Amino acid sequence: MTAAAPIDVNGYGLRPEHAPGWQAAAALARRGDMVAAAEAMLAIAAAQPEFLPARVQAAWFLLTAGRYRRAAALARESARQRPRSFEVGLHLVRLLRRFEAHALIQSLVGQLEVSACDDASLLLQLAAELGPVGLYDEVEAVLARAAAIAPAAPQIDALRGTLDMTAGRHEAAQTALRGAIARSRTELPHARWLLTLQPRPETLDADIDGIRAALGRVRPGSEDEAYLQHGLHNLLHAAKDIEGAWRALERGCAVKRALEPYDRDRSARLFEALTALPAAAGPTAPVGDDGTPRLIFIVGMYRSGTSVVERVLGGHPQVADGGESYVFPATLREVADCNRPALLDVELVERLAGRDLGEAGRSFRAHARWRAGDRGVFTEKLPSNFLNIGFILQALPDARIVHMCRDPLDTCFSNLRTYFGHDAPYACDQSDLADYYRRYRALMAHWHQRHPGRILDVDYQAFADAPAEQAARLMAFCGLDFEPGMLDVGREGGHTATASIGSVRQGIQRNRGGAWRAYREHLGPLIEGLGALAGPDSPVA
């Protein structure tokens, strides 16, 4: 159910007298008049309250028109009505994801009668929506039902393998992903790439040959090629074919840049707008004892060690590991009534300047209470929330910020060779990456000056060298007692659906750094861009 293409409502219970109104609303949307299209849909909803698709479609139209607050309210209102079909429920889940309404999604899925659905395609679509919001138990149930209907479908094993990998069930993940690839009539580039995150010596040559063959069958310049080139880089890196690995990475980054161009000037304006924000008071409403767990935000550049620290904190019996979510950015969009594709941009910053963020704080606290259950501490680990630190501490004045730091060249090179979805377009070009990193460091210095004592810097290498000592320091900052078992980051339980999916359970690795050295002759733009931050031993030989 998209804004431009309303669903075919035949069989969904639209009364015949309202069909002309539905078609008129669709015509308005095709002409680009989304607000008028939404009003036409709402007129149908008023006349036929039980017809949920009209409300859901109206919310999509409003969202497309940039009316974020009204669309969010309408989506929540829609979630109070039980869908009359599985497909309409799926459309509503997709809508609620745009507002990061995770608790409502969980409640809605409980009404969809998954066990009664006989359409494996719809079930797979639902599973793909639920994984990114951390509803892993629900994904398990949906995949079990899909497998009962279509046991040989490779897409089911591909999703099952992805879920197994996030849960640390690596043998099961290997079996499922390899089985999916063997049976699929398509290349399944994402599944092939996932397998390269944990290269196996016994299958390395065959996996390299498999990805090279797949590259000959996908469209050049496509996202499929980008996945496969990054996967080939991982495998050739493991095989110590440095030149081949570099060529694959260089091509993968070039494809990614073409698919998602990065605007360095726009990014610079964002950092400038953040540092120019005046100091703001906290919410007008005082923070009371409303049962909200203590809030800890883990931030930093991607690939800086945030997942390891999250696993350490999550090993404490009082800590609920919230994973990476976009819930806090969504609360900001609602306050600003601004539908923006990026986590943060200049327009959103300008709309938020001077606003009371109490509503954002209350919304995030409600999310934390739901997700944490009976635990007293809740972690949110979206690394790029370092951009939002000023807003976080305004909306949630009792929150604590843990900032992970890692060697600049290690961090940047790890970003360069990681396939990100849509979160880090700057990471596909060495000069852009160096520029972004320098601005990140300057912004963190600004936040420290603006909020002294509110942010704890944790150096990854220091943590790896003396984990017990550094963990005790971390726990003290978070108001927790240190327990030695927390350092077993490879323990069973929990899910890690981040760029560290293939390595975080291998333990706190002391030898993690220095991978860039083998590629130093290719990294001139990165090293030059970092300047003094690159360190004394970094110049190209």
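First things first, this report covers the structure right here in the doc. (Residues numbered from 1 in each chain as written. Predicted model: local features only at pLDDT ≥ 70, side-chain atom pairs only at ≥ 80, totals over all residues. Heavy atoms only, no water.)

Side note on the pattern of salt bridges
By the definition in use, this model includes 27 salt bridges. Here Arg 69 ties to Glu 359 by a salt bridge, and the two come within 3.1 Å at their closest N and O atoms. With Arg 69 in helix α4 (residues 68–79) and Glu 359 in helix α19 (residues 358–372), the pair connects residues that are 290 residues apart, well separated along the chain. Among the residues examined, Arg 69 registers a relative accessible area of 34% and is labelled partly exposed. Several salt bridges converge on common partners, so that one network encompasses Arg 266, Arg 340, Asp 345, Glu 347 and Arg 351. (Salt bridge = Lys/Arg side-chain N within 4 Å of Asp/Glu carboxyl O. Helix = DSSP H or I, 4+ residues; strand = E, 2+ residues; numbered from the N terminus. Buried < 20%, exposed > 50% of the residue type's maximum accessible area, 1.4 Å probe, protein only.)

Things to note about unusual backbone geometry
The phi angle at Glu 113 is positive, at roughly 50°, despite the residue not being glycine. Structurally, the position occupied by Glu 113 is in the loop between α6 (102–109) and α7 (120–130). Among the residues examined, Glu 113 registers a relative accessible area of 48% and is labelled partly exposed. One non-glycine residue, Asp 337, adopts positive backbone phi at about 50°. One can find Asp 337 in the loop between α17 (327–336) and α18 (346–352).

Things to note about the packing of aromatic side chains
Scanning all chains against the criterion turns up 18 aromatic pairs. A centroid spacing of 5.0 Å and a plane angle of 70° characterise the contact between Phe 386 and Tyr 440, whose relative ring orientation is edge-to-face. Here Tyr 440 lies in helix α22 (residues 430–450) and Phe 386 lies in the loop between β3 (377–380) and α20 (389–395), a separation of 54 residues in the sequence. Residue Tyr 440 is classed as buried on the basis of its relative accessible area of 2%. Just above the ring of Tyr 419 sits the side chain of Lys 256; from NZ or CZ to the centre is 4.9 Å. (Phe/Tyr/Trp six-rings, centres within 6.5 Å; stacked < 30°, edge-to-face > 60°. Lys NZ or Arg CZ within 6 Å of the ring centre and 35° of its normal.)

Description of the pairing of β3
When a strand is regular, its side chains alternate between the sheet's two faces. Residues Val 377 and Thr 379 line one face of β3 and the alternating positions Phe 378 and Glu 380 line the opposite face, and both faces are buried. Here strand β2 (residues 319–321) pairs with β3 via 3 bridges, running parallel. Opposite Val 319, over in β3, you have Val 377 as the bridge partner. (Pairing = 2+ DSSP bridges.)

With respect to the packing of helix α15 (residues 264–276) against α22
Two numbers describe how α15 lies on α22: the axes approach to 10 Å, and their chain directions differ by 5°. Considered as vectors, α15 and α22 are oriented roughly parallel to each other. Contact residues: α15 offers Arg 264, Ser 267, Ala 268, Phe 271, Glu 272, Leu 274 and Thr 275, while α22 offers Ser 431, Asp 432, Asp 435, Tyr 436, Arg 439, Tyr 440, Leu 443, His 446, Trp 447 and Arg 450. Residue composition of the contact of α15 with α22, by class: 7 nonpolar, 4 polar and 6 charged. (Axes fitted to C-alpha atoms, helices over the stretch in contact; angles between N-to-C directions. Parallel < 35°, antiparallel > 145°, perpendicular 65-115°, else oblique. Contact = heavy atoms within 4.5 Å. Nonpolar A, V, L, I, M, F, W, Y, C, P; charged D, E, K, R; others polar.)

Distances and angles like these do not, on their own, reveal function.
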